[in-house]
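Secondary and tertiary structure notes
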Amino acid sequence: MPSSVIRFFQYDPADEHLDVMFVSGRRYRYHEVPEETYDGMRRAFSKGEYFNEYIRDQYRFTLLN
């Protein structure tokens, strides 16, 4: 999963939250993210482009660090 923007991401299907860590070191939790959205990000060639199009500004989030 090479990305120039996203270092790591992890999904919790039970709670439907997506944790995303950026190369800046900031980590966010996106709430009520459907599993199919996570699957789309997992399969996307560009994680950053997918994130910007389908997750950023679409879901409520919490800064974790």
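Because the structure is predicted, anything quoted here is derived from the model rather than measured.

1. Considering the packing of aromatic side chains
One pass over the structure, following the stated rule, counts 9 aromatic pairs. Aromatic pair Y28 and Y30: ring centres 6.3 Å apart, planes at 40°, arrangement tilted. The same class applies to Y28 and to Y30, which are both buried. Centroid distance Y50 to Y54: 4.6 Å. Interplanar angle 35°. Geometry classified as tilted. Taken together, the residues Y50 and Y54, both in helix α2 (residues 47-54) and 4 residues apart, mark about one turn of the helix. Overall, Y54 belongs to the partly exposed group, its relative accessible area being 45%. In textbook terms, an aromatic cluster arises when at least three aromatic residues are bridged by ring pairs, as seen for F22, Y28, Y30, F51 and F61.

2. So, the side chain of T37
Along the polypeptide, T37 turns up in helix α1 (residues 35-43). Residue class for T37 comes out buried when judged on its relative accessible area of 10%. Apart from residues lying up to four places away in sequence, T37 is in contact with Y50, Y54, I55 and Y59.

3. Looking at the side chain of H31
On the secondary structure map, H31 appears in strand β3 (residues 27-31). On the basis of relative accessible area, H31 is assigned to the buried category, the value being 17%. For H31, the residues in contact, after removing those within four places along its chain, are E16, H17, Y59, R60, F61 and T62.

4. Some details on a negative patch on the surface
A cluster of acidic side chains, namely D15, E16, E32, E35 and E36, defines a negative patch on the protein surface. Take E36: it is sitting in helix α1.

5. Notes on the pattern of salt bridges
As enumerated under the stated definition, the model contains 3 salt bridges in all. Among the ionic pairs, D19 bridges to R27, the shortest N-O distance being 3.0 Å. A residue is classified by how much of its surface remains accessible, and D19, at 5% relative accessible area, is buried. For R27, a relative accessible area of 30% gives the class partly exposed. We note a salt bridge from D39 to R42, for which the minimum N-O separation is 3.3 Å. Residue D39 and its partner R42 are both found in helix α1; the two are separated by 3 residues, about one turn of the helix. On the basis of relative accessible area, R42 is assigned to the partly exposed category, the value being 44%. Through salt bridges with shared partners, a single network forms among D19, R27 and R29.

Definitions and cut-offs
- Residues numbered from 1 in each chain as written.
- Predicted model: local features only at pLDDT ≥ 70, side-chain atom pairs only at ≥ 80, totals over all residues.
- Heavy atoms only, no water.
- Phe/Tyr/Trp six-rings, centres within 6.5 Å; stacked < 30°, edge-to-face > 60°.
- Buried < 20%, exposed > 50% of the residue type's maximum accessible area, 1.4 Å probe, protein only.
- Helix = DSSP H or I, 4+ residues; strand = E, 2+ residues; numbered from the N terminus.
- Contact = heavy atoms within 4.5 Å.
- Patch = residues over 30% accessible without salt bridge, like charges linked within 9 Å, V, L, I, M, F, W, Y side chains within 5 Å.
- Areas by Shrake-Rupley, 256 points an atom, 1.4 Å probe, with all protein chains shown as cover.
- Salt bridge = Lys/Arg side-chain N within 4 Å of Asp/Glu carboxyl O.
- Lys, Arg positive; Asp, Glu negative; His and termini not counted.
- Charge placed at Lys NZ, Arg CZ, Asp CG, Glu CD.

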